[in-house]
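Residues per chain, in single letters:
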Amino acid sequence: MAVATEKKTFIWGTGRRKTAVARVRICEGTGQFQVNGQDANVYFPLEVQQTDIRAPLKATEMGDRIDVIVKVGGSSKPSQSGAVMQGLARALKEFRPDLIEALRDGGYLTRDARMVERKKFGHKKARKSFQFSKR
């Protein structure tokens, strides 16, 4: 017996922060939020990170109308939450172009360009030097 299933159309968005990369898929649904196959609250245990990843949904009031599925990797959990936030904002922008103004006002579409400074030769770290002795 064949069962007719509805095909969902997914909208993709990519977010980056430091070396973290998040690939975000959204579709119409009930408000599910999964990160790497787990519930978002399990993957991001800190409340700060949980509010970060849901900030674009709160700004656009779309939290209970779409399902979010995320694959994220690289860097650390705080950087990953920033990458998820940007990827979700970009996906929402494609999903409903009328939400761009709200996303721009919150700063969710802007890439954070800060990166780790490289180590220089002749130094211990990026800026730290060896002790200087005049005599």
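Residues numbered from 1 in each chain as written. Predicted model: local features only at pLDDT ≥ 70, side-chain atom pairs only at ≥ 80, totals over all residues. Heavy atoms only, no water.

Looking at an unreviewed UniProt entry, one finds the protein named Small ribosomal subunit protein uS9, with Aquisphaera giovannonii as its source organism. As stated in UniProt under Sequence similarities (unreviewed entry), the record for the protein gives "Belongs to the universal ribosomal protein uS9 family." (UniProt positions renumbered as here; feature names shortened; annotations may be inferred.)

Peer 1: Tell me about the overall build of the protein, and name the residues and values.
Peer 2: The number of helices and strands found in the protein is 4 helices and 5 strands. Of the regular secondary structure in the protein, the N- to C-terminal order runs β-β-β-β-α-α-β-α-α. The C-alpha atoms of the protein give a radius of gyration of 20 Å, which is well past the 14 Å a tight globule of 135 residues would have. For the protein, the spread of C-alpha atoms along the principal axes amounts to about 90 × 40 × 25 Å. In the protein, which comprises 135 residues, the share counted as buried stands at 32%. Residue pairs at least 24 apart in sequence account for 68% of intrachain contacts in the protein once pairs closer than 6 positions are excluded. Working note: accessible area of the protein is about 9300 Å², and carbon and sulfur atoms make up 52% of it. Counting 27 positive and 14 negative side-chain charges, the protein places the centres of these two groups 18 Å from one another. (Helix = DSSP H or I, 4+ residues; strand = E, 2+ residues; numbered from the N terminus. Rg over C-alpha atoms; globule rule 2.2 N^0.38 Å. Buried < 20%, exposed > 50% of the residue type's maximum accessible area, 1.4 Å probe, protein only. Contact = heavy atoms within 4.5 Å. Areas by Shrake-Rupley, 256 points an atom, 1.4 Å probe, with all protein chains shown as cover. Lys, Arg positive; Asp, Glu negative; His and termini not counted. Charge placed at Lys NZ, Arg CZ, Asp CG, Glu CD.)

Peer 1: Explain the sheet that holds strand 4 (residues 38-39) to me, using residue names and the numbers behind them.
Peer 2: If you trace the 5 strands from one edge of the open sheet to the other, you get 1-2-5-3-4, paired in mixed fashion. The outermost strands of the open sheet, each flanked by one partner alone, are strand 1 (11-17) and strand 4. Alignment of strand 3 (residues 33-35) against strand 5 (residues 66-73), held across 3 bridges, turns out to be parallel. In the strand pairing of strand 5, Gln34 is matched with Ile69. Contacting strand 1, strand 2 (20-28), strand 3 and strand 5, helix 3 (residues 77-95) crosses the sheet at an angle of about 145 degrees to strand 1. (Pairing = 2+ DSSP bridges. Axes fitted to C-alpha atoms, helices over the stretch in contact; angles between N-to-C directions.)

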